[in-house]
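# Structure at a glance
As a plain string of letters, each chain reads:
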Amino acid sequence: GNTTQLTRRLKRQMLAASEALEFEKAAVLRDQLGALESATERNAIVLGDGTDADVIALAADELEVAIQVFHVRSGRVRGERGWVADRADDSSLAELIESFCLQLYSNPEIEVSGGVPKEVLLPVEPASGKALEELLVEVRGGRVRVHVPQRGDKRALLETVGRNAQEALVL
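Described below are features of the structure shown in this document. (Residues numbered from 1 in each chain as written. Predicted model: local features only at pLDDT ≥ 70, side-chain atom pairs only at ≥ 80, totals over all residues. Heavy atoms only, no water.)

## Quick look at the overall build of the protein
Rule in force here: In this description a helix means any DSSP run of H or I spanning at least four residues, a strand means any run of E spanning at least two, and both kinds are numbered starting from the N terminus. Only protein chains enter the accessibility calculation, which uses a 1.4 Å probe; a residue is then buried when its area is under 20% of its type maximum, exposed when over 50%, and partly exposed in between. Residue contacts follow a heavy-atom distance rule, with two residues in contact if any of their heavy atoms lie within 4.5 Å. Using the Shrake-Rupley algorithm and a 1.4 Å probe, accessible areas are obtained, with residue cover drawn only from the displayed protein chains.
A tally of regular secondary structure across the protein gives five helices and five strands. For the protein, with 171 residues in total, the buried portion stands at 35%. For the protein, long-range pairs separated by at least 24 residues make up 59% of all intrachain contacts whose partners lie at least 6 apart in sequence. Surface exposure of the protein reaches about 10,400 Å², of which carbon and sulfur atoms provide 49%.

## Quick word on the packing of helix α3 (residues 93-106) against helix α4 (residues 131-140)
Basically, it comes down to this: The angle between two axes is taken between their N-to-C directions and runs from 0 to 180 degrees, where each axis is a line fitted to C-alpha atoms and a helix contributes only its stretch in contact. We call two directions roughly parallel when the angle between them is under 35 degrees, roughly antiparallel when it is over 145, roughly perpendicular when it lies between 65 and 115, and oblique otherwise. Here the nonpolar group is Ala, Val, Leu, Ile, Met, Phe, Trp, Tyr, Cys and Pro; Asp, Glu, Lys and Arg are the charged ones; every other residue, Gly included, is treated as polar.
At a minimum axis distance of 11 Å, the contact between α3 and α4 shows a crossing angle of 5°. Taken together, α3 and α4 sit at an angle that is classed as roughly parallel. Across the interface between the two elements, Glu98, Cys101, Leu102 and Tyr105 from α3 touch Leu132, Leu135, Leu136 and Val139 from α4. In the contact of α3 with α4, the residues fall into seven nonpolar, no polar and one charged.

## Brief notes about the nonpolar core
The criterion, for reference: The set of buried Ala, Val, Leu, Ile, Met, Phe, Trp, Tyr and Cys residues whose side-chain atoms join them within 4.5 Å is what this entry labels a nonpolar core.
Counting residues in each nonpolar core, the largest one holds 18 residues, and the members touching the most others are Ile56, Tyr105, Val120, Leu122 and Leu136. Looking at this core, the elements that each hand over two or more residues are β1 (53-60), β2 (64-73), α3 and α4. Top contributing element to this core by residue count: α3, with six residues. Counting 11 residues, the second-largest nonpolar core is a separate cluster that includes Leu47, Ala57, Phe70 and Leu121.

## Some details on helix α5 (residues 152-170)
Put simply, the rule is: To estimate how far a helix should extend, the number of its residues minus one is multiplied by 1.5 Å. Of all possible arcs, the one meant is that of the directions from the helix axis to the C-beta atoms.
A rise of 1.5 Å per residue sets the reference length of α5, with its 19 residues, at 27 Å; its end C-alpha atoms lie 27 Å apart and thus fit the reference within 8%. Along α5, the residues that are buried comprise Lys154, Leu157, Leu158, Val161, Ala165 and Leu169. Projected onto a plane normal to the axis of α5, the buried residues spread over an arc of 130° and lie on a single side. Exposed side chains of α5 directed beyond 90 degrees from the buried face belong to Asp153 and Val170. If you follow the buried residues of α5, they end up packed against β1, β2 and β4 (119-121).

## Quick notes on unusual backbone geometry
For residues besides glycine, phi is generally negative; the peptide bonds are generally trans as well. Positive phi outside glycine occurs at Leu21, with the angle close to 60°. Within the secondary structure, Leu21 sits in the loop between α1 (4-19) and α2 (23-42). The phi torsion at Ser74 lies on the positive side, around 55°, for a residue other than glycine. Tracing the sequence through the fold places Ser74 in the loop between β2 and β3 (76-86).

## Some thoughts on the pairing of β2
Rule in force here: Between any two strands, pairing holds if DSSP finds at least two bridges.
Burial analysis of β2 places nine of its 10 residues in the buried class, which makes it a mostly covered element. Summarising the sheet, β1 and β2 pair through eight bridges and their orientation is antiparallel. Its bridge partner being in β2, Val55 is matched across the sheet by Phe70. Counted between consecutive antiparallel strands, the loop separating β1 from β2 contains three residues. Pairing of β2 with β3 involves 10 bridges; the strand directions are antiparallel. Following the sheet pairing, Phe70 is matched in β3 by Glu80. From the end of β2 to the start of β3, which pair antiparallel, there are two residues, and Ser74 there has a positive phi angle of about 55°.

Rendered as structure tokens:
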């Protein structure tokens, strides 16, 4: 929620502790302030229309594939997950995305944050076209839109998720 007052209070307490030469207390307050800012950042509104979506991106080279998923609920990032796996064959990006989505949404052992959302944003169209969307509609029991955003906030968020996947691949 609104953390402005808490942030101000922590900053005042940290400065007061520092001025009083209570550096250990100031360090603890600094760490608390950092944790609060980090938590606030993660819960920032990324899609102003209140969208429920999973944003999925991947990065691949000849040997590995890295996949990153941001779970956006009510326009806020509520969770993120990433995987790096050996690349078993030379499947296209469309085939890799489709295979991953099938595993993610049809495997009861994999916990999907909030179930199948109303939207799934992908960097490329899945190999089977609308078949994946039809499967997700069946799993969700309601309308699901699988698409590649071309512009706007959804495209920008997909690019961010893609950068995270690329970083995971490099590491």
